[in-house]
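# Architecture and fold: a report
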Amino acid sequence: MAARWIERRFEHLIWKFRLISIVPVVLSLLGSVGCFVIGPVEVFNAFLVIMRLPFTAKSIAAKTIAQMVGGVDYFVIGIALLIFGYGIYELVISDLDPRLEGGEEQHINILSVNSLQSLKNNLSNVIVVGLIVAAFKKTIGFEVNNATDLLALCGSVAMLALSAWLIARSHGAGHD
């Protein structure tokens, strides 16, 4: 009898302790908001450069476009933080009522985060997209001076295409 009481108290303590995960949720959401603020600032600063300077030099155009793509990169990072925060909330805090365990209720889940693996899949997809954007930013100002540079550029484009194809294939495999 006493052992069962201790077991229930321990389960209750563990149940309440899950609320500590609100810390990474809130910090991820704040980081996401920060990225969604920094991104437009980067794009706006690039736009100001466009408005102030004449496009006589090719390097100015490449740097400005790279800065705009950098702003998009902040948006992608913000989305990754948003997915992480939302996923942790869905996995640990939301819909975790032991009284509803085994119930017939169906909950609408925007990101389909129902396990740690699905959260990792969503995050990895967003991270790969972020890496593609970052690589695109680097290739904008890349100058081809010799055959080795051309091979490096072609190889990086092929790798980006392969990673995009693998993401698309993983989405197709998950829906079959």
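Right above here is the structure, for reference.
Structural notes, computed from the coordinates. (Residues numbered from 1 in each chain as written. Predicted model: local features only at pLDDT ≥ 70, side-chain atom pairs only at ≥ 80, totals over all residues. Heavy atoms only, no water.)

## A short note on the overall build of the chain
Of the regular secondary structure elements, the chain holds 5 helices and 0 strands. Secondary structure elements of the chain, listed N to C terminal, follow the sequence α-α-α-α-α. Burial analysis of the chain (176 residues in total) assigns 21% to the buried set. In the chain, once contacts between residues fewer than 6 apart in sequence are set aside, the share between residues at least 24 apart is 76%. Roughly 12600 Å² of accessible area belongs to the chain as shown, and the carbon and sulfur atoms make up 70% of that amount. (Helix = DSSP H or I, 4+ residues; strand = E, 2+ residues; numbered from the N terminus. Buried < 20%, exposed > 50% of the residue type's maximum accessible area, 1.4 Å probe, protein only. Contact = heavy atoms within 4.5 Å. Areas by Shrake-Rupley, 256 points an atom, 1.4 Å probe, with all protein chains shown as cover.)

## Description of the nonpolar core
By size, the foremost hydrophobic cluster in this structure holds 11 residues: Val 25, Val 69, Val 76, Ala 80, Ile 83, Ile 88, Ile 93, Leu 119, Leu 123, Val 126 and Val 133. Among the elements of the structure, helix 3 (58-93) and helix 4 (116-140) are those that each provide at least two residues to this core. Per element, the largest residue contribution to this core is 6 residues, and it comes from helix 3. Here Val 76 is in contact with Val 126, Val 129, Gly 130 and Val 133, once residues within four sequence places are set aside. (Core = buried A, V, L, I, M, F, W, Y, C linked by side-chain atoms within 4.5 Å.)

## Some thoughts on the side chain of Asp 149
Checked against the element boundaries, Asp 149 lands in helix 5 (residues 147-175). At a separation of 3.2 Å, a polar atom in the side chain of Asp 149 contacts the main-chain amide nitrogen of Asn 145. Apart from the residues within four sequence positions on either side, Asp 149 is in contact with Phe 142, Glu 143 and Val 144. (Polar contact = N/O pair within 3.5 Å; in protein donor to acceptor, adjacent residues only side chain to side chain.)

## Points about helix 1 (residues 2-17)
Here helix 1 contains 16 residues, and its C-alpha end-to-end distance of 23 Å stays within 8% of the 22 Å for a straight helix at 1.5 Å per residue. Within helix 1, only 0 of the 16 residues are buried, which leaves it mostly out in the open. (Expected span 1.5 Å × (residues − 1).)

## Observations concerning helix 2 (residues 22-52)
With 31 residues, helix 2 should cover 45 Å at 1.5 Å per step; its first-to-last C-alpha distance of 45 Å lies within 8% of that length. If you check which residues of helix 2 are buried, you get Val 25, Ser 28, Ser 32, Cys 35, Gly 39 and Ala 46.

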